[in-house]
Amino acid sequence: MRALLSLAIGSFGIGMTEFVAMGLLPNIAQDLLPELWAQNPDEAIGRAGILVSLYALGVVLGAPTIAGLVARFPRHRVMVGLAIALTLGNGLAVVLPTFETVGLARFIAGLPHGAYFGIGALVASDVLGPGKRAKGVAFILTGLTIANVVGVPAGTFLGQHVGWRSAFLVVTIVFALATVCIALFVPQHAGDPERTFRAELRVFRRPQVWFALATGAIGFGGFFAVYSYIAPVVTERAGAPEWMVPITLVVFGLGMTIGNLLGGVFGDRNLRLTLLVGLAAMAVVLVLLAVLSFSIWLLVPLSFVMALLSSILSPAIQTRLMEVAGDNQSIAAALNHSALNIGNSLGAFLGGLVIAWGWGFAAPSWVGAGLAVLGLGIALASYAVQRRYHTETGSVRVRDLA
């Protein structure tokens, strides 16, 4: 249990560093883009959303690269190294002075993210034992969801009152603590000396892996199109005071925490149904948000439901990737976070784009609904192709037997 808690401390830090920037976008824009802020605050916020996209891009590129390169090394040592890298990457955001250099820091901080979750999920699955893969994935994500209940709202409040860099200082301290705990409490987990980087890349030869990646990248983009701009949605669209932003983030975090626990259970029971129903429900909720987010009293409960659905989907998508990846488990577990952060980057970019075009703060919800519907279509196509393949191979076997 100490090993799992140690890993969860690191995932808490990742949840905080990934999401706290979203609640502080107005503060970051005002500090790092003062001239643009003076001319057009909405455009400055949209431009600051690039920091969200750069972090996500780091995850996308780093997850398969790092996971593939370290698959043959002992997993506990890899986890210590990743925790150190996360500490240093986030520390750069505290000290670098300009928008461009902070953007570079966010990209660097994102590089170890996917490998940490991916390899950590494998360690957690081993600890929990066979038949509990989705629960293992969900456990390593628990720190991330708790971060959205405690860390992100607290970091947002701190950043609003002390300066946005103070939130990233707290994140750096969390990662330093995680490094120490992982070094002390995570037991030895042998790597596979036969797993070369080239061998791991064979996972991309599997069509179902591409289907699963596209489902996560596009379907999950709907969530991030809204969540990336939740601060101005609360204050500008719903007309609520700034202190409602941390409260809304707490509600988000509660939804994510409960959804993560449910996702582990549902994913182990019926993975296909969890994916399809979750994506369909996400699309419906995003449409409701687009229409009803003018009221803070409707925005808050709808935010809870959206967060709940997103966290039900997250372990399901990762489990689906591990299910279709064959022997390439390390890179498959990490690729989930590449997919979700392509969604992060895509959602943040498209949401910022429609805001910058002057379409208002309801527009990202419409974008998100479209992405969720597209993700559902890809998931349906994936299962249709799989069903057809099994039918055809089954018929071949029957003929062979005959």
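Once a new chain begins, its residue numbering starts again from 1 and follows that chain's sequence as written. Selection of residues for local features in this predicted model requires a pLDDT of at least 70, selection of side-chain atom pairs for listing and counting requires 80 or more, and totals for whole chains, interfaces and linings are taken over all residues. Excluded from the side-chain calculations are hydrogens and water; all other atoms, namely the structure's heavy atoms, are used.

1. With respect to the packing of aromatic side chains
Let me state the cut-off plainly: Side-chain rings of Phe, Tyr and Trp (the six-membered ring for Trp) are treated as a pair once their centres are within 6.5 Å; stacked means planes under 30 degrees apart, edge-to-face means over 60, and tilted covers the remaining angles.
Considering all chains together, one arrives at 12 aromatic pairs under this definition. Seen in terms of ring centroids, Phe220 and Phe223 are 5.9 Å apart; in terms of plane orientation they differ by 50 degrees. Their pairing is tilted. Cluster of aromatic residues (ring-pair linked, three or more members): Phe19, Phe220, Phe223, Phe224, Tyr227 and Phe252.

2. Details of the nonpolar core
Here is the rule we go by: Only buried residues count toward a nonpolar core. Its members are Ala, Val, Leu, Ile, Met, Phe, Trp, Tyr and Cys residues joined through side-chain atoms within 4.5 Å. To sort residues, take the accessible area from a 1.4 Å probe on protein chains only and compare it with the maximum for the residue type: under 20% means buried, over 50% means exposed, and anything in between is partly exposed. Only DSSP runs of H or I covering at least 4 residues are called helices, and only runs of E covering at least 2 are called strands; the numbering of each starts at the N terminus. By convention here, the domain bounds are inherited from an automatic or database domain assignment. Here a residue-residue contact requires only that any non-hydrogen atoms of the pair lie within 4.5 Å.
Counting 99 residues, the largest nonpolar core has Phe19, Phe223, Tyr227 and Met306 as its most contacted members. Considering each element in turn, this core owes the most residues, 10 residues, to helix α17 (residues 296-324). A domain split of this core shows at least three residues from each of domain 1 (1-195) and domain 2 (199-401). Excluding residues that lie within four positions of it along the chain, Met306 makes contacts with Phe223, Val226, Phe252, Met282, Val285, Leu286 and Leu289. Counting residues in hydrophobic clusters, the runner-up holds 11 residues, among them Val203, Ala212, Leu321 and Ala325.

3. A closer look at empty space enclosed by the protein
Applied cut-off: Using a 1 Å grid laid over the protein atoms alone, points where a 1.4 Å probe fits but cannot get out form a cavity; open sets with protein on both sides within 12 Å along at least 5 of 7 lines form a pocket; any residue with an atom within 4 Å of a point counts as lining. Grid points are joined across faces, edges and corners, and a volume is the space filled by probe spheres set on the points. Classes in brief: Ala, Val, Leu, Ile, Met, Phe, Trp, Tyr, Cys and Pro nonpolar; Asp, Glu, Lys and Arg charged; the others, Gly included, polar.
If you walk through the whole model with that rule in mind, you get five cavities of 30 Å³ or more. Forming the walls of the largest cavity are 16 residues, and the residues nearest its centre are Phe19, Leu144, Phe220, Ser314 and Leu340. For the lining of the largest cavity, the elements supplying multiple residues, two or more each, are α1 (2-23), α9 (133-162), α15 (244-269), α17 and α18 (329-356). Split into classes, the residues belonging to the lining of the largest cavity amount to seven nonpolar, eight polar and one charged.

4. Description of the domain arrangement of the protein chain
Convention followed: Throughout, the accessible surface (probe 1.4 Å) given up by two parts as they are put together, summed over both, is called the buried area.
Under the domain assignment, the protein chain is made up of domain 1 (1-195) and domain 2 (199-401). Using only C-alpha atoms to locate each centre, domain 1 and domain 2 end up separated by 19 Å. Counting residues at the interface gives 50 residues for domain 1, matched by 49 residues for domain 2. With both sides pooled, the region where domain 1 packs onto domain 2 buries about 4000 Å², and carbon together with sulfur makes up 66% of that total.

5. Brief notes about the pattern of salt bridges
Where we set the bar: For this document, the term salt bridge refers to a Lys or Arg side-chain nitrogen within 4 Å of an Asp or Glu carboxyl oxygen.
Per the stated rule, a full pass over the model turns up one salt bridge. A salt bridge links Arg47 to Glu43, with the shortest nitrogen-to-oxygen separation between them at 3.7 Å. Pair noted here: Arg47 and Glu43 are both in helix α4 (residues 41-48), with a separation of four residues, about one helical turn. Judged by its relative accessible area of 35%, Arg47 falls in the partly exposed class.

6. Here we look at the environment of Pro315
Looking at the element boundaries, Pro315 is found in helix α17. Along the backbone, Pro315 and Glu242 are 73 residues apart, and their C-alpha atoms lie at a distance of 32 Å.

7. Focus: helix α14 (residues 230-237)
For α14, the set of buried residues is Ile230, Ala231, Pro232, Val233 and Val234. Looking at the packing, one finds that the buried side of α14 touches α1, α2 (25-32), α4, α13 (221-227), α15 and α17. One or two steps after α14, the chain reaches Gly239, where phi turns positive at roughly 70 degrees.

8. Observations concerning the packing of α1 against α2
What counts is decided by this rule: Between N-to-C directions, angles cover 0 to 180 degrees, with each direction set by a line fitted to C-alpha atoms, over the stretch in contact for helices. Angle categories: roughly parallel below 35 degrees, roughly antiparallel above 145, roughly perpendicular from 65 to 115, and oblique for all the rest.
Their axes nearest at 5 Å, the elements α1 and α2 cross at an angle of 75 degrees. In terms of axis orientation, α1 runs roughly perpendicular to α2. Where α1 approaches α2, its residues Ala21, Met22 and Gly23 are matched on the opposing element by Leu25, Pro26, Asn27 and Ile28. A breakdown of the residues in the contact of α1 with α2 according to their chemical character gives five nonpolar, two polar and no charged.

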